[in-house]
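# Structural overview
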Amino acid sequence: MWENMPEIMRKSGELKLKVGDLVRMNPDAMLNGGGLALITKVHTDEKLKGMYEIIYLKNNYEVMADDMIDILEVVSRAQK
C-alpha cells in the first residue's frame, strides 16, 4: 500500500471536491491507471467521508476513489 502513496499527503476532504470537478488520478493506486476523471458523486455518509464516485474520460470506467491517495490533484473546478 505505501508504495502507492503520493509524494504530498493530504487530509481527507482537503481538496474540497464537488460534482463536476476534473481530477488527475494516481496511476500507481488505481487499477485503471492514471488519467483524467470527473467527480460524479460526493459521498456524505460519515462511513464514506472522503470517498467519491468518479468516471474516467478515457474509457468511461466508473469507480469509487478517495481524495488522499487515489486523486492526485484538481485539474479544473466545476462551474457553480
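In case you missed it, the structure is sitting above this.
The paragraphs below set out a description of the structure included in this document. All residue numbers refer to position in the chain's written sequence, counted from 1. With pLDDT at 70 or above as the cut-off, local features in this predicted model cover only qualifying residues; side-chain atom pairs require 80 or more to be listed or tallied, and sums for whole chains, interfaces and linings still use all residues. Note: side-chain values were computed over all heavy atoms of the structure, leaving out hydrogens and water.

Here we take up the overall build of the protein. To qualify as a helix, a DSSP run of H or I must reach at least 4 residues; to qualify as a strand, a run of E must reach at least 2; elements of each kind are numbered from the N terminus. Assigned secondary structure in the protein consists of zero helices and five strands. Ordered by position from N to C terminus, the α and β elements of the protein give β-β-β-β-β. The dimensions of the protein, computed from C-alpha atoms along their principal axes, are 35 × 30 × 20 Å. Relative to its full complement of 80 residues, the protein shows a buried share of 36%. Put simply, the protein shows about 5,300 Å² of open surface, and 54% of that area lies on carbon and sulfur atoms. The sign given to each residue is positive for Lys and Arg and negative for Asp and Glu; His and the chain ends receive no count. Working definition for charges: the position is that of NZ of Lys, CZ of Arg, CG of Asp or CD of Glu. One finds the centroid of the 11 positive side-chain charges in the protein at a distance of 7 Å from the centroid of its 13 negative side-chain charges. Note on exposure labels: buried denotes an accessible area under 20% of the residue type's maximum, exposed denotes more than 50%, and partly exposed covers the range between, all computed with a 1.4 Å probe on protein chains only. Each accessible area is a Shrake-Rupley result for a 1.4 Å probe, and residues are judged covered by the shown protein chains and nothing else.

With respect to the helices and strands, Asp 21 occurs in the segment before β1 (22–25). Side-chain polar atoms of Asp 21 contact the backbone nitrogen of Lys 18, separated by 3.0 Å. A distance of 2.8 Å separates a polar atom in the side chain of Asp 21 from the backbone nitrogen of Ala 78. Whenever a nitrogen or oxygen atom comes within 3.5 Å of another N or O atom, the pair is scored as a polar contact, on the condition that within protein one atom can donate a hydrogen and the other can accept it, and that pairs from neighbouring residues in sequence are kept only if both atoms are in side chains.

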